[in-house]
Amino acid sequence: MWTFNMIQPFFSVIIPIYNRVDLFGDTLQSVINQEYEHWELILVDDGSTQENISAVKDLIKGIPSTQWVERPKNMPKSASSCRNYGASLAKGTFFIFLDSDDILSPNALKVRAKQINNAKARSIHLFPSFTFSNQDHKPDHIWNVLEKKNRPNINRFFDGDIPWHTSGTTWPREIFQSINGFYGEALSAQDWEIHILLLLENNRELVYHEDHVKYWHLGVRLDNQPSIVSGFNKPDR
């Protein structure tokens, strides 16, 4: 329950899309189902087929606070470019970047908003990840732990021991802009690169959330392949 002196942060949820409309429907529904209402959804297409574009436009027709745009032709073709372009259009004070096969549980944004209220203004909130290989949204296992004793996270990124996934980060707008966003030329490991920059420049402002009893961070692929997904909060129960 919100109190008088609590802020209501506005989230921009930004999703790059390249085909995969069969997976995106559940992603979209999970955003629509949020218990927290202060958000917008920006979908950035990365050159999908016309059939997929038409299907996505049909899915979002009539949904408030949702826009579909194409990556400008003068920007490199990549999910990173799409994320950066979406951020340039965003109105939110905080950015969350999802993949088109990720799913938010209904209280995900509400929990993140409360965590923002409990921390200092420029904090970056980080959440752990779970993997899924089924269609009932039950986690197979945790992807990784956010912190390891005597093992700095920046070293872990360089060693490929990735602590958190792209969608595990809640970005204050000004911090995302201060490091110039994602590296647009990168076709893979772009989340490693931006999170290394984050650790180099803003390490003291990171807030880690590992209370797995209360906040589980869920996602899913809806084909039969395992997926690394993160940043989602399981309803308290």
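What you see is a predicted model, and the numbers here were worked out from it, not measured in a lab.

1. Details of the packing of helix α1 (residues 21-32) against helix α2 (residues 50-60)
Argument step 1. Relative orientation of the contacting elements α1 and α2 amounts to 20 degrees, with a least axis distance of 10 Å. With respect to each other, α1 and α2 are oriented roughly parallel. The two elements α1 and α2 meet at a crossing, and its hand is right-handed. In contact with Val21, Phe24, Gly25 and Leu28 of α1, α2 contributes Asn52, Ala55, Val56, Leu59 and Ile60.

2. A closer look at the pattern of salt bridges
Argument step 1. Under the definition given, this model contains eight salt bridges.
Argument step 2. Note that Asp58 and Lys61 form a salt bridge whose closest N and O atoms lie 3.6 Å from each other.
Argument step 3. Assessed through its relative accessible area of 63%, Lys61 is described here as exposed.
Argument step 4. Salt-bridge contacts for Arg83 lead to Asp99; the nearest nitrogen and oxygen are separated by 3.0 Å. Placement of the pair is Arg83 in helix α3 (residues 79-89) and Asp99 in the loop between β4 (94-97) and α4 (108-117), with a sequence separation of 16 residues. Here the two residues Arg83 and Asp99 agree in accessibility, since each one is buried.
Argument step 5. Via salt bridges that share partners, Asp46, Arg71 and Lys77 belong to a single interconnected network.

Parameters at a glance
Every chain's residues receive numbers from 1 upward, in the order its sequence appears when written. In view of the model being predicted, local features appear only for residues whose pLDDT reaches at least 70, and side-chain atom pairs are presented and counted only at 80 or more, with totals across whole chains, interfaces and linings using the full set of residues. Here the side-chain values reflect all heavy atoms present in the structure, with hydrogen atoms and water set aside. Lines fitted to the C-alpha atoms define the axes, with helices restricted to the stretch that makes contact. Angles between their N-to-C directions range from 0 to 180 degrees. Secondary structure elements follow DSSP: runs of H or I no shorter than four residues count as helices, runs of E no shorter than two count as strands, and numbering proceeds from the N terminus. Angular relationships are summarised with four words: roughly parallel below 35 degrees, roughly antiparallel beyond 145, roughly perpendicular across 65 to 115, and oblique for the angles in between. Each crossing gets its handedness from the near helix: less than a right angle anticlockwise from the far helix is left-handed, clockwise is right-handed. It only takes one pair of heavy atoms within 4.5 Å for two residues to be counted as in contact. Salt bridges are counted wherever a side-chain nitrogen of Lys or Arg sits within 4 Å of a carboxyl oxygen of Asp or Glu. Any residue under 20% of the maximum accessible area for its type is buried, any over 50% is exposed, and the rest in between are partly exposed; the area is computed with a 1.4 Å probe on protein chains only.

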